[in-house]
Structure formats: C-alpha cells, structure tokens
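Understanding the architecture of this molecule
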Amino acid sequence: MYRRNHPGQLEFPDFYLPFSGKLDPDNRWVQLAELVPWELAERIYHAQLCEDFGAPIVSARTALGALIIKERLGLTDRETVETIRENPFLQYFIGLEEFTQERPFDASLMVDFRKRFGEEGMQQIAEAIALASLDQAGSDNVSQATPNDEDQHDDSPQPPSANLDEGVSETDTPVKTEDQTASSETTNRGSLLSDATCAPADIRYPTDVSLLSEAREKTDRIIDALHAPLVGLAKRPRTYRQRGRRDFIAFTKLKKPGKKRVRKAKRQQLGYLGRNLRAIDRLLTNAAALPLEHLWNRWYKHLLVCRELYRQQLEMFETKTHRVDDRIVSIAQPHVRPIKRGKAGRDTEFGAKLTISVVDGFSMVDRLSWDSYNEGCDLIAQVESYRLRLGFYPESVHVDKIYRTRANRAFCKSKGIRMSGPPLGRPRQNISLAERKQTRADEVLRNAVEGKFGEAKRRYGLGRVMAKLASTSAAQISLTFLVMNLELALRRMFLWLLYLLSVQPHGRSSESFITACIRAIDSKTKPAQAQTDQ
C-alpha cells in the first residue's frame, strides 16, 4: 500500500529528531573512535609546539579525526568541514563535547593538519592501530608466547585467532612444557607479504612541448610583474607571447606529429623560454624594476623551476636523448618524478613509489620515495622491521620475482624463513604434487597485497593524490593505509563481539565458528552464509 506524503516542503516544527539528547553507542563513528590511539596522536601533533607560548591551536583529536573523515568518506577539505558541521556523530568523533552548528575550524587548516602529523606520524599511528588490533585478536602472527601459558585460567575469555585451523578446539591443545615454551618463543611465526606500487599525483600527462609552453607563459607573467614599476619609463622586453602561443596551438592540433615536427616545436619553445629568462635577468639587474624579494613566493618558486626545466630540456635537446637526472614533469609539483612500471596500459606513472608490508591483513608503509628505486633491496629491512614489531621472524615471505635475489634468499635461509616462488636455476622437470600445492597456496596468499593496492586506489585516494606539496602528499598516502587499518580493525572488533556473544552452533568448536566468521567478514559476506556453506 502506498501512502501519500505531505505536499510541499515540511516546516521546521514538524520535523522529528529521534536522538532525544543521546547518541547511538552502536554507531560506526562511535565504535571507530575507540580504536584510534588519540594519546599517540597527541604526542606526535604537539611534538614541536610550546605549551605556554603562542595562540591556542586546534586539538590533535580534531585534526586527526577530520583527516580520517575526509579519507574515509572521500570528501574535499571544504566538504569535510560542512559534513562535520551537519553530523553530530562526526562532531563526537573529532572530540567536541556538544553539538554545534558552527564550523569547528576553517577548511584551509586541513593542509596544516597534514603537515603537522607528517608521513612518519601517520605511519606510527597506522602501525599502532595494526599492532593493537592484532594483540587483541590474539593472532598467531602477532601474539607472543607467554612463559607460563598453563597458569592462565581456562574460563577467562581469550580473543579468537585469525589463523586457527578449523576443527581444533581449546581442549585439544596440548599443554606446553618449559622447554617447548622456550623454543616456541624463538620459532618463526606468521607470514610477511611485500610489494611496491606507485601513487599517481594529480598532474596532466607531461610532454616536453607542453611543459616548455607552460614555462613560457609563467615567465611572461613574471616579466609583467618585474616591469610594472617601469611602465611609461622604459619599454617592456619583447617576449613573442602571441607567436609562441600560436605555434603551440598549431602543434597540438596535429594528430600524429613525427619526430622532426616534435623536435621543431621543442626548438621553438626553447627559444621563447630562453629569451624570457634572459629578459628576467636584465630586469633583476635594473634597480628601478621590482626587486626579487617583492615577488610572490609562488612566482619565485615557479621561476626557479622554469630555470631548471630549461636547463634539462636544453641538455636533452642538444644530446638528442630523452633521459636526465631528476627530470621535472610538473612545474606546480616539481618533486614528482616519472616511475617506470611496465604495466599493461601504464608503462610510466608520475607520483611517489612506496613499498608496504602486509601482516595478517594490516598494511604498513616501509618506504616512500619520489625517486624510482629497486624494491627488491628493501626485503631485508622489512623482515627486520617485522621482528622489531612482533618479536620474532616470519615463517614465510611472499613476494614477486624482483625480490627473489641471491642476497635475499641467503638472508631468509639464514633466519629459517621460507621464501615463496621457484628456486634459482634451470626449472626442474619433476615437481611433486605437494610442491605444486605449496606454490599455488603461496600465490593465492600473495594476492592479498595486490588487493590492498586495489582497495587503496579504488576505495580511497591512493589512485590520485590530490595534495600538492611533497610533505602533504606523503602524509596523505600514509593516511590512506591508516584508514584501511582502521576499517579492518573495526571489522575485527565486530568479530570479537560475535565471539563473546556466540554459542557453539550444532556442536562445532568456537574456534571453527570464529574462523568462518573471519573469512566471511574479510570477504564482505554474512557470517551466517559462510556457516551454511560449510
């Protein structure tokens, strides 16, 4: 049956508010606030501030909470402030004591928030979230062996393990002796997944002709600013701006310009840009012109970038090459570098290259650089970081071909770590069925790190980093994995509640039921469906 709604717009007295002065404790933002290490964020946020000097600033919880809301909901800085102003749950999440319709802060402060936490601060918070969730879950990959496991009470609730074997109950677990307990502390446990990717920056696809044309236009504006005090006193330097623009437009209209036509266009734009730079040098030596220190900071930065761009492009033009060290591909973001990927459809990407480690579903950024590097050289440092975080080496390392070098294999063998993939040398003809199953299982397990990259790029902002500065872009990339760890921790917390409230169904062990719930939640399906399928 269909009931017709009230015609027209409702008046404010007729609109019903269901809150009754209280927030729902089961709301996702209320539960998410319990998983964020606000004290650690407070120490990182105020590390370089003076407590008794200067004007008060926005609190650390408000700053970090706003960044998490922006990344989790995929909003812009201005949309984030407006969304917080309209939602009482978001205001509770950022630490406000009561609901207010005023903006908690100006949207321009979001840039300062990213600068204040920085890349390292975001990585520390993301790692703290992952380790806290893994410790609470009691995972075999993370929980360190207790010297006296038998002294614990059997009736005390223990968190479920994410890697428990199905069909094994607590009563079937043998009691460890002192020798077995001591040896288990040094045994390798868990799996380490590692891979590298590129986080593309928000720039257009760079070509040499378009970069030179953009630099020519920016230097034209700088000449206008420097010559402003000389208007009516001296003639403005000739720049050929109209001819340069006309030549560039004529080149862009060509569908498939040949090498000779591209080289001619580069020579033209190099000539226009070199003339502009020489005119700027003459204006800077003129005492009546605008001094360099009075130029806007952004224009001064663009002038430095245009000079370096001209030097690089002139060097490549004269030597007839297409490679130069620290090649500039964006005037607005000169820190961005081309990253060779070799992927289908994307041979080259422009952004930051990063290497992550995935442990039991949680991601940690181990290295982030704007210059290209060989990620295979980072495996030893990643394994050592695994030991520092968890207290033991991993049992196995799952990586792709570029990591399987002789040095990495020798290191893993010395530490008793099994590396996935075939051995070096000529492929063997006779491979047992067990080895084939092991290889297949390793490849399936390694897909998790590729899934993390896909989630970060499709669901969050790693596929197109909108920040402009090098520091804020690195912080934004680290924030993406921080929010991903929060999302996984929230799902694991829901699993922990299921463990406390569940009853063993149909005589099955609680570990088997919890394992089924973990797989169901990780695959975003209902636990009941996973239980029925089994």
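Throughout what follows, the structure given in this document is the object of discussion. (Residues numbered from 1 in each chain as written. Predicted model: local features only at pLDDT ≥ 70, side-chain atom pairs only at ≥ 80, totals over all residues. Heavy atoms only, no water.)

**Considerations on the overall build of the protein chain**
Secondary structure assignment for the protein chain yields 17 helices and six strands. Per-residue burial over the protein chain gives 44% buried out of 534 residues. In the protein chain, of all internal contacts separated by at least 6 residues, the share reaching a separation of at least 24 is 68%. Of the roughly 31,200 Å² that the protein chain leaves accessible, carbon and sulfur atoms contribute 52%. (Helix = DSSP H or I, 4+ residues; strand = E, 2+ residues; numbered from the N terminus. Buried < 20%, exposed > 50% of the residue type's maximum accessible area, 1.4 Å probe, protein only. Contact = heavy atoms within 4.5 Å. Areas by Shrake-Rupley, 256 points an atom, 1.4 Å probe, with all protein chains shown as cover.)

**Notes on the packing of aromatic side chains**
Scanning all chains against the criterion turns up seven aromatic pairs. Taking 5.3 Å as the distance between ring centres and 65° as the angle between the ring planes, the aromatic pair formed by Trp29 and Phe93 counts as edge-to-face. Here Trp29, found in helix H1 (residues 28-33), pairs with Phe93, found in helix H5 (residues 88-93); they are 64 residues apart in sequence, far enough to count as distant. Across the pair, exposure class does not vary: Trp29 and Phe93 are buried alike. Plain terms: the ring middles of Phe105 and Phe113 are 5.2 Å apart, the flat faces sit at 75° to each other, and that makes the pair edge-to-face. Take Phe105: its relative accessible area is 5%, and that puts it in the buried class. Lying across the ring of Tyr92, Arg61 places its NZ or CZ 5.8 Å from the centre. The ring centre of Tyr45 lies 5.2 Å from the NZ or CZ of Arg116, which sits over that ring. (Phe/Tyr/Trp six-rings, centres within 6.5 Å; stacked < 30°, edge-to-face > 60°. Lys NZ or Arg CZ within 6 Å of the ring centre and 35° of its normal.)

**Some remarks on a positive patch on the surface**
Taken together, Lys235, Arg238, Arg243, Arg246, Arg275, Arg278 and Arg282 make up a surface patch of like positive charges. Looking at the positive patch, the elements that each hand over two or more residues are helix H9 (241-252) and helix H10 (259-285). Following the sequence through the fold, Arg278 ends up in helix H10. On the accessibility criterion, Arg278 (46% relative accessible area) is partly exposed. (Patch = residues over 30% accessible without salt bridge, like charges linked within 9 Å, V, L, I, M, F, W, Y side chains within 5 Å. Salt bridge = Lys/Arg side-chain N within 4 Å of Asp/Glu carboxyl O. Lys, Arg positive; Asp, Glu negative; His and termini not counted. Charge placed at Lys NZ, Arg CZ, Asp CG, Glu CD.)

**Some thoughts on the pairing of strand E4 (residues 362-369)**
For E4, the tally of buried residues reaches six of eight residues, placing the bulk of the element in the interior. Pairing analysis gives seven bridges linking strand E3 (residues 346-359) to E4, with the strands arranged antiparallel. Residue Ile356 lies in a different strand from E4, and its bridge partner there is Val365. Between E3 and E4, which pair antiparallel one after the other, the connecting turn spans two residues, and Asp360 there sits at a positive phi close to 55°. (Pairing = 2+ DSSP bridges.)

**With respect to unusual backbone geometry**
One non-glycine residue, Asp326, lies in positive phi territory at about 50°. Topologically, Asp326 is positioned in the loop between helix H11 (297-319) and strand E2 (337-343). In this model, Asp360 sits at a positive phi of 55°, which is unusual for a non-glycine residue. Looking at where Asp360 falls in the secondary structure, it is placed in the loop between E3 and E4.

**Observations regarding the pattern of salt bridges**
Close approach of charged atoms allows side chains of opposite charge to pair. Taken as a whole, this structure holds 33 salt bridges when the rule is applied. Measuring nitrogen to oxygen at the nearest pair gives 3.1 Å for the salt bridge that ties Asp366 to Arg389. Of this pair, Asp366 sits in strand E4 while Arg389 sits in helix H12 (residues 379-390), and the two are 23 residues apart along the sequence. For Asp366, a relative accessible area of 26% puts it in the partly exposed group. Connected via shared salt-bridge partners are Arg216, Glu217, Asp220 and Arg245.

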